[in-house]
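Next come the chains, spelled out residue by residue.
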Amino acid sequence: MPPRYGPGVVGGSEAVSAEVAAGLASRGWEVEVLTTCAVDHYTWENSLPEGPSEEDGLLVRRFPTVRGLSRVGDRAQDLIERGIVPSLDEQISWIGLRFRVPDLFHHLLQHGHEFDAVVFSPYLFWTTAVCLRAAPDRAVVIPCLHDETYARLDLFRPVLADPAAVWFLSEPEHDLAHRLGAVADHHVVTGAGVHVPVSYDPDGFRERHGIRRPFVLYAGRRESGKGWDWLVDAFGLAVKAGIELDLVTIGVGPVEVPHDLTGRIIDVGFVSPAERDNAFAAAAAYIQPSLMESFSRSVMEAWLAGTPVLATAHGEVVAWHCARSGGGMLFAEASELVEQLRVVADSPAEARSMAERGRDYVLTQYSWDAVLDRMEASLRGLT
Amino acid sequence: MSRVLVAGSYPPVPGRAASVTLGAVRRCVDRSDEVTVVSPRPSAAHRHAPMTGIGAASTLWLLRRSSRSDTLELCLEHGVPLGSAKSELRRRIETKLLSASLARFERVSLLLGGDVEDVSETLRGLWRPGYEVVVGNDHERDLVNTALGVERASVVVEPVAQRSRGELPVRSAGDGENSERGAVTATGPREFEKGERARSVAARAERAVYQAEHSAARAARVVMGDRAHLLGRPVRFVVEPIRTRIRHRAQRPTT
């Protein structure tokens, strides 16, 4: 039950949900996707038709979102952004601020018992926090937790404590959940799987997008919460230091290039999965500046493509992956990133050997077969 | 199959009242009834509308007609559907109007969404012979029978679902240092403080939209997006700036 599903939907947790659905279906589970009609996570407008449809061999049922206005909810959002947990009463007004899906809630009340399990993800949205109460005894939550103020809202305590099972994507996420409060007895670190591309076309990527110089890549939502603004500033320092690398970005969100970086930051926009893989393969390194990661698929995709990772040391999950794999370097501040970019630019062979260790790590730990084995074992414990 | 209107607090509101209302909806679904849920604040219910005093009487009167429900299941709790009236006369008028609205339904169940002491006044004012009272346990049935004089045959026991493991206890004011943080009201915090004045045109417009949203069941209807209407007239000029603001705010969550 992801809040959004379908082509054009960008988001790590949504991608995990879609791949879990496809993976379980491929192993003989009868899978239905219950989701909203929204694609845009800013407006939550109903842009896809409601009702059932068949997509990629799965039955998808979409329900319309209802949006409301609340000054109390707005005020709560302001408090959360300042790191303050609002009152429970205000949190309740806040959770319905972006969207509500009453028809989905009542569909679950009516049909929840027909499923062996209802998989909710991520923790942050109405579709999980509220709909969970419609089928708690069959609920499996993939929370995709981040260490952020949202996770400390009282409203989300039942999301971790009440379901039949919780699936975590990494050990740091699991530890964070225990720090936040009660966790359902049945919980397991399943991880998430990453598909291994058959081949890459890095030269084609450079040619199609007119990229002449070696570059480092940023993939995902271009939002300050994901570290994009920080990265642009830090990259500016690298350019001033004379490092001959461009910054290429793929994904969604506005890209405002500072005047002095014109021509050095290249926005390729939203690309197909195959072209995304080509971008990873073409890059000299992948930069992950986001603190808010529960798994970080893009880091896995970079390693699979043979590309080293430069990641913030303040992001617990990616730091954990880097420490376990030896496939990346961690920076605590902009000056460290600049030095690492210099290593990538000057010693590509060293960078590639680091990436090889990362690739081995992904293939051993996060193949879909291994992840689905863990998920199926958990599901069999419920049914 | 009958058409049922279920009214009361509803998820994500925590606590007994919402659990009792949810339990009533589940029973309707199990019986394959066609159910419409209305709650006093935005929730998983199909609709939200004023559910206190005269507003509640009006809501139930209008929804009886629009949902064509013949059965009403009304969850009673502190403040819903009777709040603390300013005067005895006002209380009597509210009770009369609510009773008149309830009388339009063929079958009425009054569900105990709070302690018997909290809702005894409301129950005493609204109960009529032929109405069913749904309580959570035998002790409450005895209390309703002896203290309020409701005949035992009209009282049904439906155990309330166990409290969620992760749910904070709903605290009342003055209950320790976290009382403010944990207290939940059936109708939610006030969107506009009493006496608050809108001084600018933009503030007036904002207030008009917010208030229209809150009095949806009383005729004005605002739907966000291209089909925004207020009393049947397009209100995009008011909605657009607010929508932009919401879009800006919505950028923060980063899952």
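So, a few notes on the structure that sits alongside this text. (Residues numbered from 1 in each chain as written. Chains lettered and ligands numbered in written order. Predicted model: local features only at pLDDT ≥ 70, side-chain atom pairs only at ≥ 80, totals over all residues. Heavy atoms only, no water.)

## Examining the overall build of chain A
Now for step 1: Looking only at helices and strands, chain A features 15 helices and 13 strands.
Now for step 2: Relative to its length of 383 residues, chain A is compact, with a C-alpha radius of gyration of 21 Å against a globular reference of 21 Å.
Now for step 3: Overall size of chain A, expressed as C-alpha extent along the three principal axes, is 60 × 45 × 40 Å.
Now for step 4: When the 383 residues of chain A are sorted by exposure, 61% land in the buried category.
Now for step 5: Across chain A, every contact between residues at least 6 apart in sequence was considered, and the portion connecting residues at least 24 apart equals 66%.
Now for step 6: As displayed, chain A has an accessible area near 14000 Å², and 51% of this comes from carbon and sulfur atoms.
Now for step 7: Positive and negative charge centroids in chain A, built from 33 and 53 side chains respectively, lie 1 Å apart. (Helix = DSSP H or I, 4+ residues; strand = E, 2+ residues; numbered from the N terminus. Rg over C-alpha atoms; globule rule 2.2 N^0.38 Å. Buried < 20%, exposed > 50% of the residue type's maximum accessible area, 1.4 Å probe, protein only. Contact = heavy atoms within 4.5 Å. Areas by Shrake-Rupley, 256 points an atom, 1.4 Å probe, with all protein chains shown as cover. Lys, Arg positive; Asp, Glu negative; His and termini not counted. Charge placed at Lys NZ, Arg CZ, Asp CG, Glu CD.)

## Comments concerning helix α9 (residues 228-240) of chain A
All names here are of chain A.
Now for step 1: The terminal C-alpha atoms of α9, which comprises 13 residues, lie 19 Å apart, in line with the 18 Å expected from a rise of 1.5 Å per residue.
Now for step 2: All of the buried residues in α9 are W228, L231, V232, A234, F235, G236, A238 and V239.
Now for step 3: Buried-residue contacts for α9 involve β8 (215-221), β9 (246-252), β10 (265-269), β11 (285-288) and α13 (334-346).
Now for step 4: Taken from the residues just after α9, G242 is the one with a positive phi, measuring 85°. (Expected span 1.5 Å × (residues − 1).)

## Overview of the packing of aromatic side chains
Within a pair of aromatic rings, the relevant descriptors are the distance that separates the centres and the angle that separates the planes.
Now for step 1: As enumerated under the stated definition, the model contains 14 aromatic pairs over all chains in all.
Now for step 2: Between the aromatic rings of F105(A) and Y10(B), the centroid separation amounts to 5.5 Å while the plane-to-plane angle is 70°, which identifies the pairing as edge-to-face. Placement of F105(A) in helix α4 (residues 102-111) and of Y10(B) in the loop between β1 (3-7) and α1 (16-30) is noted, with the two residues assigned to different chains.
Now for step 3: Y10(B) sits in the buried class, given a relative accessible area of 0%.
Now for step 4: With centroids separated by 6.1 Å and ring planes inclined at 40°, the aromatic side chains of F205(A) and F215(A) adopt a geometry described as tilted. Note that F205(A) is positioned in helix α8 (residues 202-208) and F215(A) in strand β8, a separation of ten residues in sequence.
Now for step 5: Classification of F215(A) as buried rests on a relative accessible area of 1%.
Now for step 6: Three or more aromatic residues joined by ring pairs make a cluster, and in this case those are W94(A), Y123(A), Y150(A) and F156(A).
Now for step 7: Looking at R64(B), its charged tip hangs above the ring of F105(B), at a distance of 5.7 Å from the centre. (Phe/Tyr/Trp six-rings, centres within 6.5 Å; stacked < 30°, edge-to-face > 60°. Lys NZ or Arg CZ within 6 Å of the ring centre and 35° of its normal.)

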